[in-house]
Amino acid sequence: MEEITEILKELVSYQTVASRNDELERVIERCCEWLNVKGICQYRYASGDKPSLIAVQTVKWEEEKKRSIFFVGHLDVVDAEPEQFHPRIEGNKLWGRGALDMKGPCAVMIHLFRTLAQEGKNSRLGLMLTTDEEIGSANGVEYLLKQEGWGAHFALIPDGGYDFHTVLAEKGAIHFRVKAKGKAAHGSRTWEGKNAIEHIMEFYYALKKEFPAEPCSDAQHWHPTLNLGKFLGGKKVNIVPDEAEAEFDIRFPDPLTFDQMKDKIENLLNSFPGLNWEILTRAEVVIAQPENTYVQKYRKAVEKVTGKTPEILKEHGATDARFFAELGIPILITYPIGGGIHTREEWVDLPALFTLYQIFREFLNEVAT
Ligand SMILES: [Zn+2]
């Protein structure tokens, strides 16, 4: 457990926010040192100034990749107060930015790969460490899978859920911006203008009708949702605004698809001439595969180590799992015990990180037999 704690303390001390490419470089450099063990082959990448590292247990990855498992982690974090980069331990808890999301799980995976290599074990494993997950993964997991051609038979992503439960499904997402052009006029002569803000609001209320109203009857809220997250428009109280723009965030569960949601928006926009739109983010749904052999073996390992049957969870937010799912690679997302991600009070339970390590080992034993 000490080694995991030591790795984690050091990982937290790097200020790996999106604006600090130098720190992202440094943390990847340090991971290369940790993973510089006989039996591990390293591949380093830099796309759009975002470094990443792939460590694999075998050099014959191309031949092996259909039978392999990827462990996936990101070392970047969301912005934080300066003191959050000084990890603080109180009892069993370690406080600091990224403790749970997800430097804690990364410390476990780094320790796991080091230990397996030192023991001379080769289970056809890959470790993917990236530095741009919090800003969309275009230069991280998406780049490594789509541009560099990495792949696997199964991906384990300890970046969601809680208390060792297993997340197998995720909602998809579509973020988009709508712009309206109107006609300016004096606020006292509204009939001479065309109000761009009102135009977007009318579209918004029409779109909103397509989504269930809250409170709804589904306690899991496993239904599509719409958020109007950003709105810009208007210059002065007595001017009819001639420009406005808004950004929307739609989440949708299986069996809906990205294209279906896109068509829905496009069809509605057709009845609002004068509005233009552009898509900012696309994420397909991740469909649960509880019958998958790896999933079943993993869940059995959790049960064996913790003595509890893990629940199967669904995630409302998107993780890097979506890029694997797009390639048809089954995934499993999990978390140790912790809390406060993206807040000032982020923490992880240190014994739980060791439990996660034991679960991974148990799982790998199961897979090997
Ligand atoms: Zn609901």
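Cut-off values and rules
- Residues numbered from 1 in each chain as written.
- Predicted model: local features only at pLDDT ≥ 70, side-chain atom pairs only at ≥ 80, totals over all residues.
- Helix = DSSP H or I, 4+ residues; strand = E, 2+ residues; numbered from the N terminus.
- Rg over C-alpha atoms; globule rule 2.2 N^0.38 Å.
- Buried ≥ 20, exposed ≤ 12 C-beta atoms within 10 Å, placed from the backbone.
- Contact = placed C-beta atoms within 7 Å.
- Pairing = 2+ DSSP bridges.
- Axes fitted to C-alpha atoms, helices over the stretch in contact; angles between N-to-C directions.
- Domains from an automatic or database assignment.
- Nonpolar A, V, L, I, M, F, W, Y, C, P; charged D, E, K, R; others polar.
- Parallel < 35°, antiparallel > 145°, perpendicular 65-115°, else oblique.
- Left-handed = near helix turned anticlockwise from the far one by under 90°.
- Core = buried A, V, L, I, M, F, W, Y, C linked by C-beta atoms within 7 Å.
- Expected span 1.5 Å × (residues − 1).
- Arc of directions from axis to C-beta.

Student: Explain the overall build of the protein chain here, please?
Tutor: Check the secondary structure of the protein chain and you find ten helices and 18 strands. Against the compact-globule benchmark of 21 Å for 369 residues, the protein chain has a radius of gyration of 23 Å, which places it among compact chains. Reported as C-alpha extents along the three principal axes, the dimensions of the protein chain are approximately 80 × 45 × 40 Å. Looking at the 369 residues of the protein chain, the share that counts as buried comes to 41%. If you take every contact in the protein chain between residues at least 6 apart in sequence, the share linking residues at least 24 apart comes to 77%.

Student: What is the right way to read the sheet that holds strand β18 (residues 347-349) from this model?
Tutor: Hydrogen bonding along the main chain pairs the strands of a sheet, whether they run parallel or antiparallel. Pairing is antiparallel across the open sheet formed by four strands, whose spatial order is β4-β5-β18-β17. Across the chains shown, the open sheet's two edge strands, defined by having one partner strand only, are β4 (88-90) and β17 (338-339). Direction of pairing for β17 relative to β18: antiparallel, over a ladder of two bridges. When the sheet's bridge partners are listed, Gly-339 is paired in β18 with Trp-347. This element, helix α4 (residues 99-118), spans β5 (93-95), β17 and β18 of the sheet and lies at about 45° to β18.

Student: Would you mind showing me how to read the domain arrangement of the protein chain here?
Tutor: By convention, interface size is frequently given as the accessible area that disappears when the constituent parts associate. Each assigned domain of the protein chain is listed with its residue range as follows: domain 1 (2-170 + 285-368) and domain 2 (172-283). Inter-centroid distance (C-alpha atoms) of domain 1 to domain 2 is 36 Å. On the domain 2 side, the residues contacting the eight residues of domain 1 number eleven residues. Residues that form the side of domain 1 that touches domain 2 fall into these classes: four nonpolar, two polar and two charged.

Student: How do you make sense of the packing of helix α1 (residues 2-13) against α4 when you look at a structure like this?
Tutor: Two packed helices can be described by the angle between their axes and the distance between those axes. Contact pair α1 / α4: the axes reach a minimum separation of 9 Å and the direction vectors enclose 135°. Judged by the angle between their axes, α1 and α4 are oblique. As for the relative orientation of α1 and α4, their crossing is right-handed in sense. Between α1 and α4, the residues in contact are Glu-3, Ile-4, Ile-7, Leu-8, Leu-11 and Val-12 and Ala-99, Lys-103, Gly-104, Cys-106, Ala-107, Val-108, Ile-110 and His-111, respectively. Here the residues of the contact of α1 with α4 are counted per class, giving ten nonpolar, two polar and two charged.

Student: How should I be thinking about the sheet that holds strand β14 (residues 275-283) in this particular structure?
Tutor: Ordered in space as β11-β13-β9-β14, the four strands form an open sheet in which the pairing is antiparallel. Strands with a single pairing partner mark the edges of an open sheet, and in this sheet they are β11 (225-233) and β14. The average angle at which neighbouring strand axes cross in this sheet is 15°, direction not considered. Along the sheet, helix α7 (residues 258-270) contacts β9 (172-181), β13 (243-252) and β14; its crossing angle with β9, the most-contacted strand, is approximately 20°.

Student: Got a minute to help me understand unusual backbone geometry in this structure?
Tutor: The phi angle of most residues is negative, glycine excepted, and most peptide bonds adopt the trans form. Of the consecutive residues Asp-101 and Met-102, the connecting peptide bond is found in the cis state with omega at -20°. Residue Asp-254 is joined to Pro-255 through a cis peptide bond whose omega torsion reads 10°. The residue Pro-255 is located in the loop between β13 and α7 in this model. The phi dihedral of Ser-137 falls on the positive side, at around 70°, and the residue is not glycine. Secondary-structure assignment places Ser-137 in the loop between β6 (125-130) and α5 (141-146). Although it is not a glycine, Asp-163 adopts a positive phi angle of roughly 50°. With respect to the secondary-structure elements, Asp-163 resides in the loop between β7 (154-157) and β8 (166-170). By C-beta crowding, Asp-163 is classed as partly exposed, having 16 other C-beta atoms within 10 Å.

Student: Help me understand the nonpolar core, please; the structure alone is not making it clear to me.
Tutor: For soluble globular proteins, nonpolar side chains are generally found buried alongside one another. Of all hydrophobic cores here, the largest spans 94 residues; its most connected members are Leu-11, Ala-107, Ala-155, Ile-331 and Leu-353. The biggest single contributor to this core is α4, with ten residues. Counting only domains with at least three residues in this core, you end up with domain 1 (2-170 + 285-368) and domain 2 (172-283). Those residues in contact with Ile-331 that sit more than four places away from it in its chain are Ala-155, Ile-157, Val-286, Ala-321, Phe-324 and Ala-325.

Student: Explain the pairing of β13 to me, please; I cannot follow it from the model alone.
Tutor: Successive side chains on a regular strand alternate, one facing one side of the sheet and the next facing the other. Examined bridge by bridge, β9 and β13 share ten bridges and lie antiparallel to one another. Paired with Ala-173 across the bridge in β13 is Arg-251.

Student: Please explain α1 as it appears in this structure.
Tutor: In an α-helix, one full turn covers 3.6 residues, which means residues spaced three or four apart are oriented alike. The end-to-end C-alpha distance of α1 is 17 Å, a good match for the 16 Å that twelve residues give at a rise of 1.5 Å each. What α1 keeps buried is the set Ile-4, Ile-7, Leu-8, Leu-11 and Val-12. Buried residues along α1 cover an arc of 130° about the axis, so they all sit on one side. Turned more than 90 degrees away from the buried face of α1, the exposed residues are Glu-2 and Glu-6. Contacts from the buried residues of α1 go to α2 (21-34), β5, α4 and α10 (350-368).

Student: Can you walk me through the environment of Lys-230 in this structure?
Tutor: In this structure, Lys-230 sits in strand β11. For Lys-230 and Arg-114, which are 116 residues apart along the polypeptide, the C-alpha to C-alpha distance reads 45 Å. Once residues within four sequence positions are removed from consideration, Lys-230 is found in contact with Ala-246 and Glu-247.

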